Amino acid sequence: RSAEEIKALDRRHVLHPNVVLADHARGLPMPIMVEGQGAVLRDIDGKEYIDAIGALWLANIGYGRKELAEVARRQMEKLSFWSLFWGYGNVPAVELAARLAEIAPPGLSHVFFTSGGSEANETSIKIARLYHVRRGEPSRRHIIGLARAYHGVSYGAMTATGLETVRQNYEPYVGAFDHIPSAYCYRCPLGKAYPACGVACAGELERKILDLGPQNVAAFIAEPIHGVGGVITPPPEYFPRIREICDRYGVLFIADEVICGFGRTGTWFGIEHWGVVPDLISAAKGLSSGYLPIGATLVHDRVYEALGQPEGPGAYFNHGFTYSGHPVAAAVALENIRILAEERLGERAVEMGRYLTERLRRAENPYIGDIRGKGLMLGVELVADPATGEMPADPNVGRYAEARCREHGVIVRALAPGNIIALSPPLVVTREQVDRIVEVLDEAVRYVFEHPPAPAR
Ligand code: PMP
């Protein structure tokens, strides 16, 4: 079929996530990708792009690695699929679980496999509740999350998500979920300033636990760095304080590492930056660099031991997905982890993240108010005036800049409310590609501020 035919069929038949469906049907530009190599993609019209968002924070080792194709082919020929249900196993799932236990923070040595991040969070939430049931505290049901968090779109993960744009239209939500303000120092939701604030946002967790009654609280869930919610890094004291509060009240801490994991922020897991060990970790995305869908929940020994108690029929673990531990996805994830380690891509994320930040600073763009993040998980916040941090008159400027960057062959992503731009290229991105990303983004941002679109009539 011709490119035009494919695009017409896409408009007619494909329901795309996160678009205005009417815009799609009307045929607004929506590139259809056909090839990728390193950090570069080519669409069906032959146009090339530098992928400055790593697909969706996940193409960590970059596109087109033959090693992964070879591993997948061999595994498919040998054993295409076998479920982990009913106590059966398969070799790649075992190897991958053992490797994850090696790279995870100490004690997180048990692994439950899923197909992606939402399922990993569902699993973490259910295991947290089951843990308390097993320990004879079934009233501990509440899950506390952050206002700017994104945890996925299935019902539990969506209800744990704080972002209203993700949740709206889908009531009723799952019961017993609560939210507290995020540690967003650039625009503190408590109206305070760091460090004079004494990290009051962490204290909000204690307040919420006491409001609900500790005997009713199962877990606190957080991304080490918010992704979809605006690439927001909490101050250094935040997670140590959170860990202390959780311990004081017998509340489990779930780290959602779906974006932060696997080298993106420089370490295997984002939470390592704070020296804190969670009870449960949800992982996906960079676990396979997107080569095949796979996610995982990592379970601390302490939690695992409680799950098996009391022994006997009552201790049945009633949770599982058909594709838990898919052997081809597991083999590919294992090879991805091997490449991340062998090519020291975590170190490269730090080095290139520093370079990207420096280049952005040197551009002296008058509309960039904040550059933040760790490694190659970066975000820039666009403002009317960097001196005051005043919001742009039209918060959609980031969306216009995203569109202009795409025209000029660079893919970035604007995040809600529209003035934050996420930058997370594959960890193999080159200096020349970073230079080009900054050049295109700098021009696009200046352009959209200086040429606002005519108001719709
Ligand atoms: N958690 C976080 C932090 C995420 O960013 C995402 C996806 N953007 C998810 C969970 C959900 O993952 P998935 O889309 O694979 O279900």
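Since the model is a prediction, treat every value here as computed from it, not as a measurement.

This brings us to the overall build of the protein chain. When helices and strands are tallied, the protein chain shows 15 helices and 15 strands. Seen along its three principal axes, the alpha-carbon backbone of the protein chain occupies a region of about 65 × 60 × 40 Å. Out of the 457 residues in the protein chain, the part that is buried amounts to 46%. Contacts spanning at least 24 positions in sequence make up 71% of the contacts within the protein chain whose residues lie at least 6 apart.

Moving on: the site of the ligand. The local shell around the ligand holds 15 residues, among which Gly116, Gly117, Ser118, Gly152 and Val258 are the closest. With 3 residues, the top contributor of residues to the shell around the ligand is helix 6 (residues 117-134). For the shell around the ligand, the per-class residue count stands at 6 nonpolar, 7 polar and 2 charged.

Now for the sheet that holds strand 12 (residues 377-382). By definition, the strands of a sheet pair up through backbone hydrogen bonds, in either a parallel or an antiparallel sense. The antiparallel open sheet is built from 4 strands, whose spatial order is 11-12-15-14. Each edge of the open sheet carries a strand with a single partner, namely strand 11 (368-374) and strand 14 (413-415). Pairs of neighbouring strands in the sheet enclose a mean axial angle of 25°, with direction left out of account. Where strand 11 meets strand 12, 6 bridges bridge the pair, whose relative direction is antiparallel.

Here we come to the packing of helix 5 (residues 91-103) against helix 12 (residues 327-342). Any two packed helices are characterised by how steeply their axes cross, that is the angle between the axes, and by the distance between the axes. Close contact between helix 5 and helix 12 brings their axes to 8 Å; oriented N to C, the two are set at 35°. The interaxial crossing formed by helix 5 with helix 12 has left-handed handedness. Where helix 5 abuts helix 12, its residues Pro92, Ala93, Glu95, Leu96 and Arg99 lie against Pro327, Ala330, Ala331, Ala333, Leu334 and Ile337. Classifying every residue of the contact of helix 5 with helix 12 gives 9 nonpolar, no polar and 2 charged.

Attention shifts here to the nonpolar core. Core analysis: the largest hydrophobic core is formed by 129 residues, its most contacted members being Ala219, Phe220, Leu252, Leu298 and Val412. Mapped onto the domain boundaries, this core takes at least three residues apiece from domain 1 (31-61 + 344-450) and domain 2 (67-342).

Where helix 13 (residues 345-362) contacts helix 15 (residues 431-450), the axes come no closer than 10 Å and their chain directions differ by 35°. For the element pair helix 13 and helix 15, the recorded crossing hand is right-handed. Along the contact surface, helix 13 presents Met352, Tyr355, Leu356, Arg359 and Leu360, while helix 15 presents Arg431, Val434, Asp435 and Val438. By residue class, the composition of the contact of helix 13 with helix 15 is 6 nonpolar, no polar and 3 charged.

This part takes up unusual backbone geometry. The step from Tyr194 to Pro195 runs through a cis peptide bond, and the omega angle for that step is 0°. By secondary structure assignment, the location of Pro195 is in the loop between strand 6 (177-180) and helix 9 (200-212). With an omega of 5°, the peptide bond between Ala416 and Pro417 qualifies as cis. Among the structural elements, Pro417 can be located in the loop between strand 14 and strand 15 (420-423). For Trp57, which is not a glycine, the phi torsion comes out positive at approximately 65°. Structurally, Trp57 is set in helix 3 (residues 54-57).

Another aspect to go through is the sheet that holds strand 2 (residues 40-43). Pairing is mixed in the open sheet, where 4 strands are placed in the order 1-2-3-13. The open sheet terminates on both sides in strands that have one partner only, identified here as strand 1 (33-37) and strand 13 (410-411). In the sheet, strand 3 (residues 48-51) pairs with strand 13 via 2 bridges, with the strands oriented parallel. In the strand pairing of strand 13, Asp51 is matched with Ile411.

Taking 1.5 Å per residue, 18 residues should reach 26 Å; helix 13 reaches 25 Å between its end C-alpha atoms and fits that length. Those residues of helix 13 lying buried are Leu345, Gly346, Ala349, Met352, Gly353, Leu356 and Leu360. Seen along its axis, helix 13 keeps its buried residues to an arc of 120°; they face one direction. Seen from the buried face of helix 13, the exposed residues on the opposite side, beyond 90 degrees, are Arg361 and Arg362. Buried-residue contacts for helix 13 involve helix 12, strand 11, strand 12, strand 15 and helix 15. Looking one or two residues past helix 13, Glu364 carries a phi angle of roughly 45°, positive in sign.

In terms of burial, strand 8 (residues 252-256) is largely enclosed, as 5 of its 5 residues are buried. Residues Leu252, Ile254 and Asp256 of strand 8 are buried on one face, and the alternating residues Phe253 and Ala255, pointing to the opposite face, are buried as well. Two strands pair when backbone bridges link them, and strand 7 (residues 217-222) and strand 8 are joined in this way by 4 bridges, in the parallel orientation. Bridging from a neighbouring strand, Ala222 pairs with Ala255 of strand 8. Tracing the backbone out of strand 7, into helix 10 (residues 238-248) and back to the parallel element strand 8 gives a crossover that is right-handed. Where strand 8 and strand 9 (residues 280-283) come together, 3 bridges link them in parallel fashion. Note on strand 9: the bridge partner recorded for Ile254 is Leu280.

Moving on, we come to the confidence of the model for the protein chain. If pLDDT is low for a region, its predicted coordinates should not be looked at in detail. For the protein chain, the mean per-residue pLDDT works out to 96, and 100% of the residues sit at or above 70. Reported confidence for the predicted complex is 0.99 by ipTM and 0.98 by pTM.

Here we take up the domain arrangement of the protein chain. The domain architecture assigned to the protein chain consists of domain 1 (31-61 + 344-450) and domain 2 (67-342). Put simply, the middle of domain 1 and the middle of domain 2, counted by C-alpha atoms, are 27 Å apart. Contacts between the two partners involve 27 residues from domain 1 and, on the opposite side, 25 residues from domain 2. Elements represented by at least two residues in the side of domain 1 that touches domain 2 include exactly helix 3, helix 13, strand 11, strand 12 and strand 15. The residue inventory of the side of domain 1 that touches domain 2, partitioned by class, reads 16 nonpolar, 7 polar and 4 charged.

Cut-offs applied
Throughout this description, residue numbers start from 1 for each chain and increase along the sequence as written. Restriction of local features to residues with pLDDT of at least 70 applies here, the model being predicted, together with a cutoff of 80 or more for giving and counting side-chain atom pairs; totals for whole chains, interfaces and linings are based on all residues. To qualify as a helix, a DSSP run of H or I must reach at least 4 residues; to qualify as a strand, a run of E must reach at least 2; elements of each kind are numbered from the N terminus. Exposure classification rests on a simple neighbour count of other C-beta atoms within 10 Å of a residue's own: a residue reaching 20 or more is buried, one at 12 or fewer is exposed, and one in between is partly exposed. C-beta atoms are placed from the backbone. We call two residues in contact if the C-beta atoms placed from their backbones are at most 7 Å apart. Here, nearness is defined through the C-beta atom: a residue counts as near a molecule or strand if that backbone-placed atom lies within 6 Å of it. We call Asp, Glu, Lys and Arg charged. Ala, Val, Leu, Ile, Met, Phe, Trp, Tyr, Cys and Pro are nonpolar, and the rest, Gly among them, are polar. Strand pairing follows a simple DSSP-based rule, namely that at least 2 bridges must link the two strands. Here an angle of 0 to 180 degrees is reported between the N-to-C directions of two axes, which are lines fitted to C-alpha atoms, with helices fitted over the stretch in contact. By definition, any crossing whose near helix is turned counterclockwise from its far helix by less than a right angle is left-handed, and any crossing with a clockwise turn is right-handed. Put simply, a nonpolar core is a cluster of buried Ala, Val, Leu, Ile, Met, Phe, Trp, Tyr and Cys residues tied together by C-beta atoms within 7 Å. Each domain's limits were defined by an automated method or a database of domain assignments. Multiplying 1.5 Å by the helix residue count minus one yields the expected span of that helix. As used here, the arc is the angular range of directions from the helix axis to the C-beta atoms. Assignment of crossover handedness uses the view with strands pointing away from the viewer, where a clockwise path from the first strand over the helix to the second indicates a right-handed crossover. pLDDT expresses how confident the predictor is about each individual residue, on a scale running from 0 to 100.

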